[in-house]
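Descriptive structure summary
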Amino acid sequence: YGNFIDGLRLYVRGGTGGMGYPRLGGEGGRGGDVWFVAREKTTLKNIRDRYPQKRFIAGAGGNSSVKTLKGEKGKDCEVHVPLGISVLCDDGKQIGELNAAGERFLVARGGLGGTLATNFMPHKGQRRIVRLDLKLIADVALVGFPNAGKSSLLSKISHAKPEIANYAFTTIQPELGKIMYGDFKQISVADLPGLIEGAHANKGMGHKFLKHVERTKQLLLVVDISGFQLSIKTQFRTAFETVLLLTKELELYKEELLTKPALLAINKMDLPCAKDNLNEFMKQLQNPQDFFHLLQEDVIPTNKLEFKDIIPVSTYSGEGIEELKACIRKSIDEEAEQENEEYRKKKLLLLRTSG
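Notes on the structure follow. The structure displayed is predicted, hence computed values, not measured ones. (Residues numbered from 1 in each chain as written. Predicted model: local features only at pLDDT ≥ 70, side-chain atom pairs only at ≥ 80, totals over all residues. Heavy atoms only, no water.)

For the rest of this paragraph, the subject is the packing of aromatic side chains. Tallying each qualifying case throughout the model produces three aromatic pairs. When the centroid spacing of 4.9 Å and the interplanar angle of 65 degrees are considered together, the rings of Tyr 51 and Phe 56 count as edge-to-face. According to the relative accessible area criterion, Tyr 51 is partly exposed, its value standing at 32%. For the ring pair Phe 145 and Phe 228, a centre distance of 5.1 Å and an interplane angle of 10 degrees mean the geometry is stacked. (Phe/Tyr/Trp six-rings, centres within 6.5 Å; stacked < 30°, edge-to-face > 60°. Buried < 20%, exposed > 50% of the residue type's maximum accessible area, 1.4 Å probe, protein only.)

Put into structure tokens, the structure is as follows:
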């Protein structure tokens, strides 16, 4: 993954409480807490570089004294984390997540100060080892096998400048780009490392790729019209088989991914025989069950991925690029309108029930 980090392990500890004052019944101050706070323009690499020890300890509570019977609370420790973070215990159990700027999560509570109940002895703060797991938040995720032309497509539709070359694994870390429209609307697009068969079982970049798909609103499958073969040792797959395999990988990793709105970009339409291949491909997509008998059983997904639009494109000639951008915009706007409608209905229902 180079300089891109999507996971980090940290030690956190709440502050120890302050000592009580037995003679006058004084109470020690509570230890400070450790908070994770979501901030824009923050990365896990920033955290690692700035805090190489990866230890975060809150301040101790103030001791009780003749002058200050109630000790002061210890200083809280705030750790700025990126948006789209899941907080996991060391055993892998999720204990929280931060998706919007300003959201806070209490990760380690400070210890209580000494009181009569504790014989004026303070408590230690909560201590734990946690993992920060980053899942990119984007409007659209580009999903496709290596060399399908995802990086080229991202460079054509957005201002991103990903590495582009004619070999399978060009993208080894996620790239984020923004599509800019004439009315200043912006849509973020994530180009993620290419899937391979068996990614759901963590082969290749497996889960490192698939977990980023979870946080995106919509999917844009990118398929090479001439088919795909990872190497001479692997089987050649037609465009139709490629769509089925991508659907299968998403389904096996997390079935809910198939409920996301999806578009299909059929790339490399500038190649010879592309038009004939497209006609055959469209027939197969319209009635996929008619062609299942020609395929191996392990290629066929249980559920079908419904595409809102299918757009033939060529990143080489520019064919279909503007149409694709328009389809992405339309799909995102329709989804936002649907969400707003559902929100309005919920509010109306709440008003009626409260009335």
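Moving on to the pairing of strand E10 (residues 175-180). Pairing of E10 with strand E11 (residues 186-191) involves six bridges; the strand directions are antiparallel. By the bridge assignment for E11, Leu 176 is matched with Ala 190. (Pairing = 2+ DSSP bridges. Helix = DSSP H or I, 4+ residues; strand = E, 2+ residues; numbered from the N terminus.)

Turning our attention to the sheet that holds strand E3 (residues 55-57). Spatial strand order, E3-E1-E8-E5-E6: five strands in an open sheet with mixed pairing. One side of each edge strand has no neighbouring strand; the edge strands of this open sheet are E3 and strand E6 (94-98). Sheet twist, expressed as the average angle between the axes of neighbouring strands with direction ignored, equals 25 degrees. Inspection of the sheet shows strand E1 (residues 7-13) paired to E3 by three bridges, in the parallel sense. Note that in E3 the partner of Val 12 across the bridge is Phe 56. (Axes fitted to C-alpha atoms, helices over the stretch in contact; angles between N-to-C directions.)

Quick look at the packing of helix H4 (residues 239-253) against helix H5 (residues 274-286) now. Direction vectors running N to C along H4 and H5 enclose 40 degrees, while the axes themselves pass 9 Å from each other. In this view, H4 runs oblique relative to H5, as classed from their interaxial angle. Along its contact with H4, which presents Ala 239, Phe 240 and Val 243, the element H5 presents Phe 281, Gln 284 and Leu 285. Among the residues forming the contact of H4 with H5, the class breakdown is five nonpolar, one polar and no charged. (Parallel < 35°, antiparallel > 145°, perpendicular 65-115°, else oblique. Contact = heavy atoms within 4.5 Å. Nonpolar A, V, L, I, M, F, W, Y, C, P; charged D, E, K, R; others polar.)

With that settled, consider the sheet that holds E11. Across the sheet, which stays open at both edges, the six strands sit in the order E10-E11-E9-E12-E13-E14 with mixed pairing between neighbours. Lying at the two open borders of the sheet, with one neighbouring strand each, are E10 and strand E14 (307-312). Averaged over all pairs of adjacent strands, the angle between their axes in this sheet comes to 25 degrees, without regard to strand direction. Across the face of the sheet, helix H2 (residues 150-157) comes into contact with strand E9 (140-143), E10, E11, strand E12 (218-224) and strand E13 (262-267) while running at roughly 165 degrees to E11.

With respect to the helices, strands and loops of the structure, Ile 85 is situated in strand E5 (residues 85-89). The class for Ile 85 is buried, based on a relative accessible area of 0%. When the C-alpha positions of Ile 85 and Ala 38 are compared, they lie 8.2 Å apart, and in sequence the two are 47 residues distant. Setting aside its immediate chain neighbours within four residues, Ile 85 contacts Leu 44, Gly 96, Glu 97, Leu 98, Leu 132, Asp 133, Leu 134 and Arg 215.

A one-sided burial pattern is seen for strand E4 (residues 77-81), the buried positions being Cys 77, Val 79 and Val 81 and the unburied ones Glu 78 and His 80. As paired strands, strand E2 (residues 34-38) and E4 are joined by five bridges and run parallel to one another. When the sheet's bridge partners are listed, Ala 38 is paired in E4 with Val 81.

A contiguous nonpolar surface patch, about 260 Å² in accessible area, is contributed by Leu 24, Val 66 and Leu 69. Structurally, Val 66 is set in the loop between E3 and E4. (Patch = residues over 30% accessible without salt bridge, like charges linked within 9 Å, V, L, I, M, F, W, Y side chains within 5 Å. Areas by Shrake-Rupley, 256 points an atom, 1.4 Å probe, with all protein chains shown as cover. Salt bridge = Lys/Arg side-chain N within 4 Å of Asp/Glu carboxyl O.)

Turning our eyes to something else, we now look at the side chain of Glu 251. Following the sequence through the fold, Glu 251 ends up in helix H4. Buried within the structure, Glu 251 lacks any salt-bridge partner; Lys 248 is the closest side chain of opposite charge, at an N-O distance of 4.6 Å. Excluding its chain neighbours within four sequence positions, the residues that come into contact with Glu 251 are Leu 258, Pro 301, Thr 302 and Asn 303. (Lys, Arg positive; Asp, Glu negative; His and termini not counted.)

A word on the nonpolar core. Formed by 59 residues in total, the largest nonpolar core has its most connected members in Val 34, Phe 36, Val 107, Leu 132, Leu 264 and Phe 281. Broken down by element, this core gets its largest block of residues, seven residues, from H4. Counting only domains with at least three residues in this core, you end up with domain 1 (7-134) and domain 2 (138-339). Here Phe 36 is in contact with Leu 10, Val 12, Val 79, Val 81, Val 87, Leu 98, Glu 103, Arg 104, Phe 105, Val 107, Val 130 and Leu 132, once residues within four sequence places are set aside. (Core = buried A, V, L, I, M, F, W, Y, C linked by side-chain atoms within 4.5 Å. Domains from an automatic or database assignment.)

A word on H5. The terminal C-alpha atoms of H5 lie 18 Å apart, and with 13 residues this matches the ideal 18 Å at 1.5 Å per residue to within 8%. Among the residues making up H5, those that are buried are Ala 274, Leu 278, Phe 281, Gln 284 and Leu 285. In an axial view of H5, the angular spread of the buried residues amounts to 125 degrees, which keeps them on one side of the axis. Across from the buried face of H5, at angles greater than 90 degrees, the exposed residues are Lys 275, Asp 276, Lys 283 and Gln 286. Tucked inside the fold, the buried residues of H5 contact H4, E13 and E14. (Expected span 1.5 Å × (residues − 1). Arc of directions from axis to C-beta.)

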